[in-house]
Amino acid sequence: MKIADGVYVHFIPTQKYKTNRIVFRMTGSLNKQTIAKRALVSQMLATANQTYPTVQSFKERLASLYGTQLSTRVSTKGLTHSVDIELTYLKDAFIPTNDGLFWEVLGFLKECLYKSLSRVAQYQNKVFDIEKQNLMTYLDVDTENNYYYSEVKGRELYFVNEGLKVPKYGQAELVEAETSFTAYQEFQSMLTRDRIDIFMVGEFDDYQVLQALHRFPLEGRQVDLQFSYSQPYVNVVKEKIEPRQSSQSILHLGYQFPCQYGDKHYFALIVLNAMFGEFAHSVLFTTLREKEGLAYSISSQFDIFTGLLEVYAGIEKSNRNQAMRGISRELNYIKLGRFSSSLLNQTKKIIRMNALLSEDHSLTLVEQRFNKVIFGDKSLSLENWLDEIEKVTKKDVCRVARQVKLQSLFFLEGVS
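Residues numbered from 1 in each chain as written. Predicted model: local features only at pLDDT ≥ 70, side-chain atom pairs only at ≥ 80, totals over all residues. Heavy atoms only, no water.

- Under the annotation held in an unreviewed UniProt entry, the chain carries the name Peptidase M16 inactive domain protein and is attributed to Streptococcus vestibularis ATCC 49124.

In structure tokens, the structure reads:
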């Protein structure tokens, strides 16, 4: 339901949970120059506001609302970057007296958005500096993790687009360059220029919600966003080796696949990835790790919105070439159809089980609705989605596997 141009509210009725969840999502274009600013905004939104200017008073206010929880989340989809504010609170049926909790929760959200902890067009420096340091520490700790570091470096190598080279929370050097002024100005731009989607998950009075949201100064805006990205194929594999103090080496491979969300090959790609390396029954795990002992850990994952399939392997430095050949061999076997029907059927069962389990999380419902709004008929209900998975044949998997092509190789070489 459109409130104004570029501003939408989505009702997702469900009686599954004891709580209602409100997700206020701001989505803008993915841009290297704004990622760190937006990540800092997400930090500030979950910390304090003018009415509750300290972390303690902020938390105490949430606790007084029958333990309402507030969190923020940053995500990307194609060439877009989203910042979510999520509020989860008890339904009326579980509250001793009906004292208008919905209105108080919405009022708190409004204060977070329109009474941010600021002065003279910038965030309050003391709190901002703490949150900035917290984010930089978080990013520094992440880069100490060899798998995360290899993923970041592998994506830098793979992607041409500068925004996609940067992790969704930014990089320490990008965060360091931002100030309380630049982050606050970005937040004001987000409120007035980003696409806004407000998800109401649970049991709500639609009229009451609309009445409340019309009190928010949400004006129309023109937004042009690209939720899918397709990178041109190149016939030369990019390679990079980087030594690092570590007892283990990490191999990160980046493969391109041509299909996008909802395309005819999409469901075969899901099955392929699950069979290739996503789960413990996959060929990479059972063959390279369990049978041949070439990897401490190995897995694959793909991002349908950017066309990137990644393989990670934690290995001994001396096993690099063997691991590379083994990964290539197993992918070629799938391309040639050298896998059993029992593996295909087991994979479908695991995908089905995981999809059904994901329905227990309200954020899954949010993403399903968002995809439905963005991609229209390409987005299916869970029942239809599972039907499409079940229809995937051996030939379908072989066909999509033949379109998967290696584009980048990053090797984090462990040295003593």
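From this point on, the discussion continues.
## Observations concerning the overall build of the chain
- Of regular secondary structure, the chain possesses 15 helices and 11 strands.
- Taken against the 2.2 N^0.38 rule, which gives 22 Å for 416 residues, the C-alpha radius of gyration of the chain at 23 Å falls within 12% of a compact globule.
- Residue pairs at least 24 apart in sequence account for 83% of intrachain contacts in the chain once pairs closer than 6 positions are excluded.
- A total accessible area of about 19300 Å² is found for the chain, and carbon and sulfur atoms account for 49% of it.
- Considering the chain, the positive charge centre built from 50 side chains and the negative charge centre built from 47 side chains are found 5 Å apart. (Helix = DSSP H or I, 4+ residues; strand = E, 2+ residues; numbered from the N terminus. Rg over C-alpha atoms; globule rule 2.2 N^0.38 Å. Contact = heavy atoms within 4.5 Å. Areas by Shrake-Rupley, 256 points an atom, 1.4 Å probe, with all protein chains shown as cover. Lys, Arg positive; Asp, Glu negative; His and termini not counted. Charge placed at Lys NZ, Arg CZ, Asp CG, Glu CD.)

## Observations regarding the sheet that holds strand 8 (residues 249-256)
- Spatial strand order, 7-11-8-10-9: 5 strands in an open sheet with mixed pairing. Only two strands of the sheet have a single neighbouring strand rather than two, namely strand 7 (238-245) and strand 9 (297-303). Across the sheet, the axes of successive neighbouring strands diverge by a mean angle of 15°, strand direction being ignored.
- Sheet analysis places strand 8 next to strand 11 (residues 405-415), joined by 7 bridges and oriented antiparallel. Bridge pairing in strand 11 places Ile250 opposite Leu412.
- Where helix 5 (residues 146-158) meets the sheet, its contacts fall on strand 7, strand 8, strand 9, strand 10 (308-315) and strand 11, and the angle it forms with strand 11 comes to roughly 140°. (Pairing = 2+ DSSP bridges. Axes fitted to C-alpha atoms, helices over the stretch in contact; angles between N-to-C directions.)

## Concerning the environment of Leu213
- With respect to the element layout, Leu213 can be found in helix 8 (residues 206-213).
- Leu213 sits 106 residues away from Gly107 along the chain, and the two C-alpha atoms are 9.9 Å apart.
- For Leu213, the residues in contact, after removing those within four places along its chain, are Ile3, Val9, Leu106 and Ile198.

## Concerning helix 3 (residues 101-114)
- Look at helix 3: 20 Å from first C-alpha to last across 14 residues, which is about the 20 Å you get at 1.5 Å a residue.
- Of the residues making up helix 3, those classed as buried are Leu101, Phe102, Val105, Leu106, Phe108, Leu109, Glu111, Cys112 and Leu113. (Expected span 1.5 Å × (residues − 1). Buried < 20%, exposed > 50% of the residue type's maximum accessible area, 1.4 Å probe, protein only.)

## Thoughts on the pairing of strand 10
- Of all 8 residues that make up strand 10, 8 are buried, and the element is covered over most of its length.
- The side-chain alternation of strand 10 yields two buried faces, one formed by Leu308, Glu310, Tyr312 and Gly314 and the other by Leu309, Val311, Ala313 and Ile315.
- Two elements, strand 8 and strand 10, share 8 bridges in a ladder whose sense is antiparallel. Paired with Ser249 across the strands is Ile315, a residue of strand 10.
- Two elements, strand 9 and strand 10, share 7 bridges in a ladder whose sense is antiparallel. Bridging across to strand 10, Ser300 finds its partner in Val311.
- Here strand 9 folds back onto strand 10 in antiparallel fashion, the turn holding 4 residues, of which Gly307 has a positive phi close to 75°.

## Looking at empty space enclosed by the protein
- On inspection of all chains with the given rule, the structure shows 1 cavity of 30 Å³ or more.
- Quantified by volume, the largest cavity comes out at close to 40 Å³.
- Residue lining of the largest cavity: Met44, Leu45, Ala48, Cys112, Ser116, Leu117, Tyr123 and Phe187, and that is the complete set.
- Taken together, the residues that form the lining of the largest cavity break down as 7 nonpolar, 1 polar and no charged. (1 Å grid on protein atoms, 1.4 Å probe; cavity = no way out; pocket = protein on both sides within 12 Å on 5 of 7 lines; lining within 4 Å. Points joined across faces, edges and corners; volume = space filled by probe spheres on them. Nonpolar A, V, L, I, M, F, W, Y, C, P; charged D, E, K, R; others polar.)

## Some points on the pattern of salt bridges
- Applying the stated rule across the entire model yields 24 salt bridges.
- A salt bridge links Arg38 to Asp194; the shortest N-O distance between them is 2.9 Å. Taken as a pair, Arg38 in helix 1 (residues 35-45) and Asp194 in the loop between helix 7 (180-193) and strand 6 (195-202) lie far apart in primary sequence, 156 residues in all.
- On the accessibility criterion, Arg38 (2% relative accessible area) is buried.
- A salt bridge links Glu151 to Arg155, with the nearest nitrogen and oxygen atoms 3.1 Å apart. Placement of both Glu151 and Arg155 in helix 5 is noted, with a separation of 4 residues, approximately one turn of the helix.
- Here Glu151 falls in the partly exposed class, since its relative accessible area comes to 21%.
- A single salt-bridge network, built from bridges that share partners, covers Arg21, Arg25, Arg73, Lys77, Asp84, Glu86 and Glu367. (Salt bridge = Lys/Arg side-chain N within 4 Å of Asp/Glu carboxyl O.)

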